[in-house]
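Commentary on secondary and tertiary structure
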Amino acid sequence: MNRYILHGIARDAIDGKRVVFTLTGHDVIQTLDAVAAIEPSEVARVRRTNGDAAVFFRSGGSVRFALSEMSLRGRSADVVCLSGHPRAGDDRLVASARAVVAASPCGEVIR
């Protein structure tokens, strides 16, 4: 995983933003641990539940992990990072990501 992306999404979450990171299944735990290790003093809780992994920060921000387009449904976030997903350029995945950030005043989709 690109360390600049990891630091960027961790910084957004530390600043209070809600981030959704799309990945394939085998990358989730490694990326979750990497995000939590960036600023360990800011981490409030790490959830490793299969299909609902997340890092929660003291600021109220979070990084949640989504495995597919289907797992984006019903979510709301300020930032969606598609960078780690093999289908990052797929129009349906991008449309789903835009729906996730639609209600955010600072919504951003990172490809």
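Presented here is a report on the structure given in the accompanying data block. Keep in mind the model is a prediction, meaning the values are calculated, not measured. (Residues numbered from 1 in each chain as written. Predicted model: local features only at pLDDT ≥ 70, side-chain atom pairs only at ≥ 80, totals over all residues. Heavy atoms only, no water.)

So, about the overall build of the protein chain. On a plain count of helices and strands, the protein chain comes out with three helices and six strands. Listing every helix and strand of the protein chain by position from the N terminus yields α-β-α-β-β-β-β-α-β. Against the globule reference of 13 Å for 111 residues, the protein chain gives a C-alpha radius of gyration of 12 Å, in line with a compact fold. The principal-axis extents of the C-alpha atoms in the protein chain amount to approximately 40 × 30 × 25 Å. Burial analysis of the protein chain (111 residues in total) assigns 43% to the buried set. Nonlocal contacts in the protein chain, meaning residues at least 24 apart in sequence, comprise 55% of its contacts between residues at least 6 apart. Of the roughly 5,800 Å² of accessible surface on the protein chain, 48% is carried by carbon and sulfur atoms. Both charge centroids of the protein chain, one from 15 positive and one from 12 negative side chains, sit 4 Å from each other. (Helix = DSSP H or I, 4+ residues; strand = E, 2+ residues; numbered from the N terminus. Rg over C-alpha atoms; globule rule 2.2 N^0.38 Å. Buried < 20%, exposed > 50% of the residue type's maximum accessible area, 1.4 Å probe, protein only. Contact = heavy atoms within 4.5 Å. Areas by Shrake-Rupley, 256 points an atom, 1.4 Å probe, with all protein chains shown as cover. Lys, Arg positive; Asp, Glu negative; His and termini not counted. Charge placed at Lys NZ, Arg CZ, Asp CG, Glu CD.)

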